[in-house]
Amino acid sequence: MSHHDTKPEPAKYEPKVIGVLGEFAGPEQLVAGARAIREKGYRKVEAYSPFPVHGIDDALAAPKPILPWVVLGAGLTGCAVALLMQWYMNAFEAPFPLSGYDYGISGKPSWSLPANIPVTFELIVLFSAFTAFLGMIAFNKLPKFSNPLFRNERFTRATNDKFFLLIEEDDPQFATESITSAFEAIGAVHVEALYDQPTTPMPSWIVPVGAVLMVAGLIPLGLVAMNRNVHTSTPRLSIWWDMDYQPKYKAQTTIPDSLFKDGRSARLPVEGTVARGRGVIDPALELGYIPASEPTFETALLLQEEGTGEQPPAEEPAEETPADADEAPAEEPAEEESADQPADETTEAPAEKSTDMQEEPAAEPAAEPADEAPAEEPTAEESQPATDEAAPAEGGEAEAPAAPHYNWVSEFPEAITVDSDLMERGERQYNIYCAVCHGYAGDGDGLVHQRAIAREQLATWAPPTSIHNEAVVKYPVGQLFDTISNGNIGDWTKDGTPMRGRMAGYKQQISVKDRWAIVLYIKALQKSRLVTPDELSEQELASLK
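In this convention, every chain numbers its residues from 1, walking through the sequence in written order. Per-residue local features of the predicted model are confined to residues with pLDDT of at least 70, and side-chain atom pairs are confined, for both listing and counting, to 80 or more; whole-chain, interface and lining totals are unaffected and use all residues. The basis for every side-chain value is the complete set of non-hydrogen atoms in the structure, without hydrogens or water.

What about helix α4 (residues 113-139)?
One turn of the α-helix equals 3.6 residues, which is why residues spaced by three or four share an orientation. What counts here: Note on conventions: DSSP H or I runs of at least 4 residues are helices, E runs of at least 2 residues are strands, and numbering of each starts at the N terminus. Here the expected span of a helix is defined as 1.5 Å times the quantity of residues minus one. Whether two residues are in contact is decided by their heavy atoms, any of which lying within 4.5 Å being enough.
Here α4 is 27 residues long and its end C-alpha atoms lie 36 Å apart, about the 39 Å a rise of 1.5 Å per residue gives. Close packing links the buried residues of α4 with α3 (67-91). In the stretch just after α4, K141 is the one whose phi turns positive, near 55°.

So this is what it looks like as structure tokens:
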């Protein structure tokens, strides 16, 4: 006798009521129904409408969401993190690992709130945006892969033209019959109970396919990580080759096959071009000297734009420039030209060499170019005309190379008001632009100079000039202004034109008024070491004690 076991039949699924849905004719009926159903004591009530309905929140007595407060807290946290991070990195330094680095740059303060606002603003936005997005998902209990409401045909019109109230099953007073009666009593046009449905098991192939796709998605990241630590001679893959290799000229370069004779990649301004707003020039204010001849609009502008700042030869015409000088490459750096002026050569220059400009005592101390001069190996530049070289002192140390004569301004221009405000502004600008080389006291011992000494670069480093140098102290205010604007005047010429020394001009970075403010502050620094007690008042003497 055989015995066969019968397979038990699965238990019949019993649908479960998850809520009662009531449909209303319009938004006014929806608000009235919500208020009425709340008055009957139901608390788990939710409203659905195709558009926001004014007053529905008050009718439902819906609690205020806490998401705005969470976002506010995230924004304040981002603000605090940004400020603390920047202060720690830029203004705090301590002898332990991962410490910040207090790095002074051009006299600027290590910590300044306005300079840190952009990063702070960005972190506030970043923290707030992520918190709002993730908080919305969390407070709405998303994502939901299934919702029984979406299977109700009438409810699909909730985003079109229908209005619904739903009382959920977890309401303390939930009872299908009583809720149906309540909805009908307050004017619902349709009432029905919602039931859940049996869930269908997920297909068995979903998990392995998902795992394979996940692993495949990691392959590109793995290839990138692997190739970061290997060397290969194979050209990199260019997906958009026309973006990687563009026919273009880079700025500040020369191109042999350029369309233009000078090979420049960029064009110079057309001669005589006048920039907007630059039509009126006061030579005393903007140049620091009065040109020998009455400046025309174009010549005065050209003097300033080219940065030469030199006065054209007043009376005597310049001698012809030797052919060797003409053949010198235009791109030759100023430093090389400086090196071509040997110190010994200066002392051996024949005294009878004539000058194409009237000369006066040195405008710049001789130490700068002399320190850079090579000892031997005369080059073609030694054949520079005699006018380019300074006459030696008789039987002694070489005199400082002479500078061309300029009709320097000896008083501050009328447009500049000399007062305490100008002095304070000059101090600030000096500490930003000048102190890094010349030092805060003007002794030529700024941070750049100290770094060159620390790195033992004296063979190629020309120490900054001390503003207390006797020659510099004698500078008229116009010459100081010109030096700040165009750099110091060197002790050599090219094609009859005096060249500038190692110090670069700052007229592109510093406004005219600020340059005069720096001149005022430099004069004050110089006077601070030259004044005698007899020149001070009793109050000033008392302040120094």
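Digging into the confidence of the model for the protein
Applied cut-off: pLDDT measures the predictor's confidence residue by residue and takes values from 0 up to 100.
Taken over all residues, the pLDDT of the protein has a mean of 78, while the share at 70 or more is 76%. Overall, residues 306-403 carries pLDDT values under 50, and its contacts beyond four positions in sequence, including any with other chains, amount to 145 contacts.

What about the packing of aromatic side chains?
Our working rule: Two rings from Phe, Tyr or Trp (for Trp, the six-membered ring) form a pair when their centres are within 6.5 Å of each other. A pair whose planes differ by under 30 degrees is stacked, one over 60 is edge-to-face, and the rest are tilted. Relative accessibility decides the category of a residue: with a 1.4 Å probe and only protein chains considered, values under 20% of the type maximum give buried, values over 50% give exposed, and everything between is partly exposed.
For the structure shown, the criterion picks out twelve aromatic pairs. Aromatic pair F92 and F96: ring centres 6.2 Å apart, planes at 45°, arrangement tilted. Owing to a relative accessible area of 40%, F96 belongs among the partly exposed residues under this scheme. Between F481 and W516, the ring centres sit 4.4 Å apart and the planes meet at 15°, which makes this aromatic pair stacked. Note that F481 is positioned in helix α17 (residues 477-486) and W516 in helix α18 (residues 512-527), a separation of 35 residues in sequence. The two residues F481 and W516 agree in class, both being buried. Counting every residue linked through ring pairs, the aromatic cluster contains W87, Y88, F92 and F96.

Some words on unusual backbone geometry
At the junction of L142 and P143, the peptide bond is cis and its omega measures out at 0° in the coordinates. Its location among the elements puts P143 in the loop between α4 and β3 (163-168). Located in the positive-phi region is L98, a residue other than glycine, with phi close to 60°. Relative to the helices and strands, L98 is located in the loop between α3 and α4. The class of L98 is exposed, set by a relative accessible area of 77%.

Here we look at the packing of α17 against α18
Filter applied, for reference: The axes are straight lines fitted to the C-alpha atoms, using for helices just the contacting stretch, and the angles between their N-to-C directions are given from 0 to 180°. For classification purposes, angles smaller than 35 degrees are called roughly parallel, those larger than 145 roughly antiparallel, those between 65 and 115 roughly perpendicular, and all remaining angles oblique. Handedness of each helix crossing follows the sense of rotation of the near helix against the far helix: counterclockwise by less than a right angle gives left-handed, clockwise gives right-handed. All residues other than Ala, Val, Leu, Ile, Met, Phe, Trp, Tyr, Cys, Pro, Asp, Glu, Lys and Arg, Gly among them, are scored as polar; the first ten of these are nonpolar and the last four charged.
Closest axis-to-axis distance for the α17/α18 pair is 9 Å, and the angle between their directions is 125°. Put simply, α17 runs oblique to α18. The interaxial crossing formed by α17 with α18 has right-handed handedness. Residues V477, G478, L480, F481, I484 and S485 of α17 lie in contact with α18, whose contacting residues are V512, R515, W516, I518, V519, I522 and K523. Residue classes in the contact of α17 with α18 are distributed as nine nonpolar, two polar and two charged.

What about the pairing of strand β1 (residues 17-24)?
Counted only if it meets this: Strands pair, by our definition, only if DSSP identifies at least two bridges between them.
In terms of burial, β1 is largely enclosed, as seven of its eight residues are buried. As paired elements, β1 and strand β4 (residues 190-195) share six bridges and run antiparallel to each other. Bridging across to β4, L21 finds its partner in E192. The sheet contact formed by β1 and β3 spans six bridges and is antiparallel. The residue bridging L21 from the neighbouring strand is L166, located in β3.

Quick look at the nonpolar core
Where we set the bar: Remark: nonpolar core denotes a set of buried residues (Ala, Val, Leu, Ile, Met, Phe, Trp, Tyr, Cys) joined through side-chain atoms within 4.5 Å.
Core analysis: the largest hydrophobic core is formed by 23 residues, its most contacted members being Y430, L480, I484, W516, I518, V519 and I522. The set of elements that each furnish at least two residues to this core consists of α14 (420-438), α17 and α18. No other element matches the nine residues that α18 contributes to this core. Apart from the residues within four sequence positions on either side, V519 is in contact with F412, V477, L480, F481 and I484.

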